[in-house]
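Remarks on the overall topology
Listed below, chain by chain, are the residues.
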Amino acid sequence: QVQLVESGGGLVQAGGSLRLSCAASGRSISSVTMAWFRQPPGKDREFVSSITRSGAATDYADSVKGRFTISRDIAKNTVYLQMNNLKPDDTAAYYCAAKIIMGLSRIGINYPYWGQGTQVTVSS
């Protein structure tokens, strides 16, 4: 079992930055694949980024590549999403997810563990 708690969301102007945190408990993040998804208002949930259990590989949606960076702190058992040059289209509820099965995945149903989400609002 993995429990996930996101934090760091808020209201920011376009061009600004935010760093989201996902604190995990119940299992070390070095033993799970971690990912970030988001759900814009009125739209379906979409993949944002993921990182393997080793931290050696990452994946990003084309819409955030070059602007967002996923990272982790093993000692704090926390995964981060650094978001730079934010755009109004980045407005969404952001969710952290985890799966024990190895390998990156962009498919939400492959992740059995989810946090409660944190809201990011980018004003123009």
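Note: the structure precedes this text.
All values derive from a computational prediction rather than experimental measurement. (Residues numbered from 1 in each chain as written. Predicted model: local features only at pLDDT ≥ 70, side-chain atom pairs only at ≥ 80, totals over all residues. Heavy atoms only, no water.)

**Examining the state of the cysteines**
This is how it is decided: In this description, a disulfide is simply a cysteine sulfur pair whose atoms lie within 2.5 Å. By the criteria applied, helices consist of DSSP H or I runs no shorter than four residues and strands consist of E runs no shorter than two, each listed in order from the N terminus. Think of it in three bands: residues with accessible area under 20% of the maximum for their type are buried, residues over 50% are exposed, and the middle band is partly exposed, with areas taken using a 1.4 Å probe on protein chains only.
In total, this model carries 1 disulfide according to the counting rule given. The partner cysteine of Cys22 in its disulfide is Cys96, sulfur to sulfur 2.0 Å. Taking the sign of the S-S torsion, about -80° here, the bridge from Cys22 to Cys96 comes out left-handed. Placement of Cys22 in strand E3 (residues 18-25) and of Cys96 in strand E9 (residues 92-99) is noted, with a sequence separation of 74 residues between them. For the pair formed by Cys22 and Cys96, the shared burial category is buried.

**Let's talk about the packing of aromatic side chains**
Rules: Any two of the Phe, Tyr and Trp rings considered here, Trp counted by its six-membered ring, make a pair once their centres fall within 6.5 Å; the pair's planes then place it as stacked at under 30 degrees, edge-to-face at over 60, or tilted in between.
According to the stated counting rule, one finds 3 aromatic pairs in the structure shown. Here Phe37 and Phe47 contribute two aromatic rings whose centre-to-centre distance is 5.7 Å and whose plane-to-plane angle is 75°, an arrangement assigned as edge-to-face. Placement of Phe37 in strand E4 (residues 33-39) and of Phe47 in strand E5 (residues 46-51) is noted, with a sequence separation of 10 residues between them. As far as the burial class goes, Phe37 and Phe47 line up, both buried. With a centroid separation of 5.1 Å and 50° between ring planes, the pair formed by Phe37 and Trp114 is classed as tilted. Of this pair, Phe37 sits in strand E4 while Trp114 sits in strand E10 (residues 113-114), placing them 77 residues apart in sequence. Taken together, the ring pairs in this structure connect Phe37, Phe47, Tyr111 and Trp114 into an aromatic cluster.

**A few points about the sheet that holds strand E7 (residues 68-73)**
Worth spelling out the cut-off: What makes two strands pair is DSSP finding at least two bridges between them. Lines fitted to the C-alpha atoms define the axes, with helices restricted to the stretch that makes contact. Angles between their N-to-C directions range from 0 to 180 degrees.
Pairing in this open sheet of 4 strands is antiparallel, and the strands run E1-E3-E8-E7 from one edge to the other. Because the sheet does not close on itself, it has two edges, and the strands there are strand E1 (3-7) and E7. Averaged over all adjacent pairs, the angle separating strand axes in this sheet is 20°, with direction ignored. Inspection of the sheet shows E7 paired to strand E8 (residues 78-83) by 6 bridges, in the antiparallel sense. Across the sheet, Phe68 pairs through a bridge with Met83, a residue of E8.

**Side note on the pattern of salt bridges**
Condition: Here a salt bridge means any side-chain nitrogen of Lys or Arg lying within 4 Å of a carboxyl oxygen belonging to Asp or Glu.
Under the defined criterion, the tally for this structure stands at 5 salt bridges. One salt bridge in this structure joins Asp62 and Lys65, with 3.4 Å as the shortest N-O distance. Residue class for Asp62 comes out exposed when judged on its relative accessible area of 62%. The network of salt bridges with shared partners includes Arg38, Glu46, Arg67 and Asp90.

**A word on the side chain of Thr52**
Applicable threshold: Here, residues are in contact when the closest pair of their heavy atoms is within 4.5 Å.
Inspection of the secondary structure puts Thr52 in the loop between E5 and strand E6 (58-60). For Thr52, the contacting residues outside a window of four places in its chain are Val32, Thr33, Ala57, Arg72 and Leu104.

**Re the side chain of Ser50**
Among the structural elements, Ser50 can be located in strand E5. In contact with Ser50, not counting residues within four places along its chain, are Met34, Ala35, Ala57, Thr58, Asp59, Ile70, Leu104, Ser105 and Tyr111.

The analysis is restricted to geometry; functional conclusions fall outside its scope.
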